[in-house]
Amino acid sequence: MTPEERLAELGLTLPPVVPPVAAYVPALRTGDLVYTSGQVPIVDGKPARTGKLGAGLGVEEGQEMARICALNALAAVKAEIGDLAKVRRVVKVVAFVASTPDFTDQPKVANGASELFQEVFGEAGRHARSAVGVAALPLDVPVEVEIIVEVA
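As the structure is a computational prediction, the values presented were derived from the model and not from experiment.

Student: Sorry, what's going on with the nonpolar core here?
Tutor: One broad trend across soluble globular proteins is that nonpolar side chains are buried collectively. Among the nonpolar cores identified, the biggest contains 37 residues, and Val77, Val87, Phe117, Val145, Ile147 and Val149 are the most heavily contacted of them. Elements represented by at least two residues in this core include exactly helix H2 (59-81), strand E7 (87-98), helix H3 (106-121) and strand E9 (143-151). Looking at this core, the element that brings in the most residues is H2, giving eleven residues. Residues within four places of phenylalanine 117 in sequence aside, it is in contact with Ala70, Leu74, Val90, Val93, Gly122, Gly125, His127 and Ile147. Residues Val40, Ile42, Ala98 and Leu137 belong to the second largest nonpolar core, which totals seven residues.

This is how it looks when you write it as structure tokens:
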């Protein structure tokens, strides 16, 4: 089963690539690696949610935002390489979580992205990861995710 067939089985479709809001590109390939820029939870051209974890947003809402970020990252990768079947493995995921100083569940929020990559790519979706709490993110979104994938 291809990654896109797995997405369809999950009831998901890749969104259009989110256009950059500053001076960068959504994804860049160098050799066998594709790096994405940080992807935020944009749906239909606007943030799906705003705010901070620990101040009105809970872990489950954060996980859903991370999942949207992951879909946007996959869209950026596909636009760069043409076919998600070329992804050999997800190498690294970095999740930035806008949160209050006392919020410490950033890894649980990041699982929203990590679990999606594993559902889509199976064992090749298991990856190294960092989950970092930050004071604020662009557009006041609660989560931003960037990935590195190895491609054929």
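Student: How should H3 be read in this particular structure?
Tutor: An α-helical turn contains 3.6 residues, so any two residues separated by three or four positions project in the same direction. Taking 1.5 Å of rise per residue, 16 residues should cover 22 Å, and H3 covers 23 Å from first to last C-alpha, within 8% of that figure. Along its length, H3 reaches its greatest deviation from straightness, about 35°, at glycine 112. Along H3, the positions that sit buried rather than exposed are Gln106, Val109, Ala110, Gly112, Ala113, Ser114, Leu116, Phe117, Val120 and Phe121. Among the structural elements, helix H1 (3-9), strand E5 (52-53), H2, E7, strand E8 (128-134) and E9 are those in contact with the buried residues of H3.

Student: Explain a nonpolar patch on the surface to me, please; I cannot follow it from the model alone.
Tutor: Nonpolar side chains collect at one region of the surface, where Val21, Tyr24 and Leu139 lie side by side and expose about 290 Å² of accessible area between them. With respect to the element layout, leucine 139 can be found in the loop between E8 and E9.

Student: I tried to follow the side chain of serine 37 on my own but got confused; where do I start?
Tutor: Mapped onto the secondary structure, serine 37 falls in the loop between strand E2 (33-36) and strand E3 (42-43). Reaching out from serine 37, the side chain makes a polar contact with the backbone oxygen of valine 25 at a distance of 2.5 Å.

Cut-offs used in this document
Residues numbered from 1 in each chain as written. Predicted model: local features only at pLDDT ≥ 70, side-chain atom pairs only at ≥ 80, totals over all residues. Heavy atoms only, no water. Core = buried A, V, L, I, M, F, W, Y, C linked by side-chain atoms within 4.5 Å. Buried < 20%, exposed > 50% of the residue type's maximum accessible area, 1.4 Å probe, protein only. Helix = DSSP H or I, 4+ residues; strand = E, 2+ residues; numbered from the N terminus. Contact = heavy atoms within 4.5 Å. Expected span 1.5 Å × (residues − 1). Bend = angle between axes of the 7 residues up to and from the residue. Patch = residues over 30% accessible without salt bridge, like charges linked within 9 Å, V, L, I, M, F, W, Y side chains within 5 Å. Areas by Shrake-Rupley, 256 points an atom, 1.4 Å probe, with all protein chains shown as cover. Salt bridge = Lys/Arg side-chain N within 4 Å of Asp/Glu carboxyl O. Polar contact = N/O pair within 3.5 Å; in protein donor to acceptor, adjacent residues only side chain to side chain.

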